[in-house]
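So you can see what is in the structure, the chains are spelled out below.
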Amino acid sequence: MTTTLDTAAVPLTIDDAAADLLFREARTVKRFTDEEVTDEHIAAAYDLMRWGPTSMNISPLRYLVVRGTEAKDRLCAYTMEGNHAGIHAAPLTLVLAADLDFHVHMDRLTPHAPGIGDHFASQPALADSMGRMNATLQAGYFITALRAAGLQVGPMGISDAEGLDADLFAGTAWKSLFIVNVGHAVADVEGATHPRAARLEAHEVSRVL
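Let me begin by describing the structure that accompanies this report. (Residues numbered from 1 in each chain as written. Predicted model: local features only at pLDDT ≥ 70, side-chain atom pairs only at ≥ 80, totals over all residues. Heavy atoms only, no water.)

Examining the overall build of the protein chain
Stage number 1. When you go through the protein chain residue by residue, the secondary structure sums to 8 helices and 4 strands.
Stage number 2. Secondary structure elements in the protein chain, listed N-terminal to C-terminal, are α-α-β-α-α-β-α-α-α-β-α-β.
Stage number 3. Dimensions along the principal axes, computed over C-alpha positions, put the protein chain at roughly 50 × 50 × 35 Å.
Stage number 4. Taken across its 209 residues, the protein chain has 36% of its residues classed as buried.
Stage number 5. Looking at the protein chain alone, contacts between residues at least 24 apart form 81% of all its contacts between residues at least 6 apart.
Stage number 6. For the protein chain, the centre of its 16 positive side-chain charges and the centre of its 27 negative side-chain charges are spaced 3 Å apart. (Helix = DSSP H or I, 4+ residues; strand = E, 2+ residues; numbered from the N terminus. Buried < 20%, exposed > 50% of the residue type's maximum accessible area, 1.4 Å probe, protein only. Contact = heavy atoms within 4.5 Å. Lys, Arg positive; Asp, Glu negative; His and termini not counted. Charge placed at Lys NZ, Arg CZ, Asp CG, Glu CD.)

Next comes the structure, spelled out in structure tokens:
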């Protein structure tokens, strides 16, 4: 038997305007204005995002800020050709990555478990799994935080992650996840966003044990 949940019976603790900004009316944006996105904009979003939970507080998400034609060209070498115009049109693109050497910070981030960083350092497969999973979790927080900072985003995949890592992240343990174009959306322009598509209902995606 299918049960339809009455979501109105459990009100949100944020108002509708905030819920719309972060989720219901937020869209993947493909066309942006020329308005600048400053380092302060991104730092404000990061300062909000960093408080989201991760396993043992390992906080492995890292990001590369890409601006300007030359830097965008370098990034585009590792993305699908159909995404190049969108990358160049955005005032700023972030490359989100997982730092697989997150363990070097664990004495500070996880003081209740002294020496736990050495455990991850000695098990690279575990560090890889933990780092990528938690960085992806933080990437979701980051997208929401960018919206909270008044920005719009357009996430995109990376077609050659290994090549990107070898070039843009040379000398680090950063492993790229995906990229995010960031800016202010062009209002009421055809093609700036796609029409809103359907979403699955809670009863379609859940089971109760």
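Still more to cover.
Section: the packing of helix α1 (residues 16-24) against helix α7 (residues 124-148)
Stage number 1. The N-to-C vectors of α1 and α7 enclose an angle of 130°; their axes lie 9 Å apart at closest approach. Considered as vectors, α1 and α7 are oriented oblique to each other. Crossing hand, α1 versus α7: right-handed. Here Leu 21, Leu 22 and Phe 23 of α1 lie close against α7, whose contacting residues are Thr 144, Arg 147 and Ala 148.
Stage number 2. In terms of residue class, the contact of α1 with α7 is made up of 4 nonpolar, 1 polar and 1 charged. (Axes fitted to C-alpha atoms, helices over the stretch in contact; angles between N-to-C directions. Parallel < 35°, antiparallel > 145°, perpendicular 65-115°, else oblique. Left-handed = near helix turned anticlockwise from the far one by under 90°. Nonpolar A, V, L, I, M, F, W, Y, C, P; charged D, E, K, R; others polar.)

Brief notes about the environment of Ala 173
Stage number 1. Counting through the fold element by element, Ala 173 comes out in the loop between α8 (161-168) and β4 (174-183).
Stage number 2. You can call Ala 173 buried: its relative accessible area is 16%.
Stage number 3. For the pair formed by Ala 173 and Leu 100, sequence separation is 73 residues and the distance between their alpha carbons is 5.4 Å.
Stage number 4. Those residues within four positions of Ala 173 in sequence are excluded, and the remaining contacts are Ala 98, Asp 99, Leu 100 and Asp 101.

A look at the pattern of salt bridges
Stage number 1. Counted under the stated rule, the structure contains 7 salt bridges.
Stage number 2. Between Asp 99 and Arg 62 there is a salt bridge, with the nearest N and O atoms lying 3.2 Å from each other. Of this pair, Asp 99 sits in strand β2 (residues 92-99) while Arg 62 sits in strand β1 (residues 61-66), and the two are 37 residues apart along the sequence. An identical accessibility class is assigned to Asp 99 and Arg 62; each is buried.
Stage number 3. In this structure, the salt-bridge partner of Asp 167 is Arg 74, at a minimum N-O distance of 2.6 Å. With Asp 167 in helix α8 and Arg 74 in helix α3 (residues 69-76), the pair connects residues that are 93 residues apart, well separated along the chain.
Stage number 4. Salt bridges sharing partners connect three or more residues here, namely Asp 16, Asp 20 and Arg 24. (Salt bridge = Lys/Arg side-chain N within 4 Å of Asp/Glu carboxyl O.)

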